[in-house]
Amino acid sequence: MHKFLIACCWKHKHLIPQDGLRNGLRGAEKYIAGEIGNAELDRLNYHAEADAFAIDYAKSPEEISELQSLIDGIEEIRKLPFNQARALLLRAAYFAEGSMIYPRFNSLPWVNSLFESEFLCPNLLRENLSPDF
């Protein structure tokens, strides 16, 4: 399931341009492969969560300007109204952040939010679950 969630994130990578989130997703892949442990995944998650918070809590003119620059850099959303684009980026960021630490949490609201997300890609399910069905 963890591999499936990470694959869904990469499918929507255009909505996850931040380095902290992308490094976290790469770290989650290493975690799945057994190349890094909990401590390193937690460290990467700290930076991924900071990227999500930067969208969620941007209030100052400088923070809003940085967020607008991020939106302007994504062709698929640059013509959306600012609040709509921000909300979409925020949902993508939290989906990516939750996906990267999926095996590390068991809080029901988090699990539900991941598996009810608009970012799930059912066609990737067969590629990332075993045994094959």
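These numbers come from a predicted model, not from an experiment.

It is worth spelling out the packing of aromatic side chains at this point. Across all of its chains, the model carries three aromatic pairs by this definition. Residues F53 and Y57 carry aromatic rings whose centres are separated by 5.5 Å and whose planes lie at 75° to one another, so their mutual orientation is edge-to-face. Looking at Y57, the relative accessible area reads 48%, which means it is partly exposed. An angle of 80° between the planes, with centres 5.7 Å apart, marks the rings of Y102 and F115 as edge-to-face. Of this pair, Y102 sits in the loop between α5 (82-100) and α6 (108-115) while F115 sits in helix α6, and the two are 13 residues apart along the sequence.

The subject of this paragraph is the pattern of salt bridges. Applying the stated criterion across every chain, the model contains two salt bridges. The partner of E118 in a salt bridge is R91, and the shortest N-O contact between them spans 2.5 Å. Highlighted residues: E118 in the loop between α6 and α7 (125-128) and R91 in helix α5, separated in sequence by 27 residues. Using a relative accessible area of 44% as the deciding quantity, one classes E118 as partly exposed. The class for R91 is partly exposed, based on a relative accessible area of 39%.

Look at helix α4 (residues 61-72) against α5: their axes get within 10 Å of each other, and the N-to-C directions meet at 80°. Judged on the interaxial angle alone, α5 and α4 are roughly perpendicular. Residues I64, L67, Q68, L70 and I71 of α4 form the contact with α5, whose own contacting residues are F82, A85, R86 and L89. Its residues assigned to classes, the contact of α4 with α5 comprises seven nonpolar, one polar and one charged.

Quick look at the side chain of R86 now. Tracing the backbone through its elements, the reader meets R86 in helix α5. It is D56 that comes nearest to the buried, bridge-free R86 among opposite-charge side chains, at 5.9 Å. Each residue touching R86, except ones within four places of it in the same chain, is listed here: I55, D56, Y57, A58, I64, L67 and I71.

Looking at the secondary structure, you find E29 in helix α2 (residues 19-32). Judged by its relative accessible area of 37%, E29 falls in the partly exposed class. When the C-alpha positions of E29 and K3 are compared, they lie 7.3 Å apart, and in sequence the two are 26 residues distant. In contact with E29, other than residues within four places in its own chain, are I6 and W10.

What follows concerns the packing of helix α1 (residues 2-11) against α5. Each packed pair of helices is defined by two parameters, the angle between the axes and the distance between the axes. Contact geometry for α1 and α5: axes closest at 9 Å, N-to-C directions at 155°. As judged from the angle between their axes, α1 and α5 are roughly antiparallel. Handedness of the α1/α5 crossing: left-handed. Contacts from H2, L5, I6, C8 and C9 of α1 reach α5 at F95, A96, S99 and M100. Of the residues in the contact of α1 with α5, the class split is seven nonpolar, two polar and no charged.

Scoring rules and cut-offs
Residues numbered from 1 in each chain as written. Predicted model: local features only at pLDDT ≥ 70, side-chain atom pairs only at ≥ 80, totals over all residues. Heavy atoms only, no water. Phe/Tyr/Trp six-rings, centres within 6.5 Å; stacked < 30°, edge-to-face > 60°. Buried < 20%, exposed > 50% of the residue type's maximum accessible area, 1.4 Å probe, protein only. Helix = DSSP H or I, 4+ residues; strand = E, 2+ residues; numbered from the N terminus. Salt bridge = Lys/Arg side-chain N within 4 Å of Asp/Glu carboxyl O. Axes fitted to C-alpha atoms, helices over the stretch in contact; angles between N-to-C directions. Parallel < 35°, antiparallel > 145°, perpendicular 65-115°, else oblique. Contact = heavy atoms within 4.5 Å. Nonpolar A, V, L, I, M, F, W, Y, C, P; charged D, E, K, R; others polar. Lys, Arg positive; Asp, Glu negative; His and termini not counted. Left-handed = near helix turned anticlockwise from the far one by under 90°.

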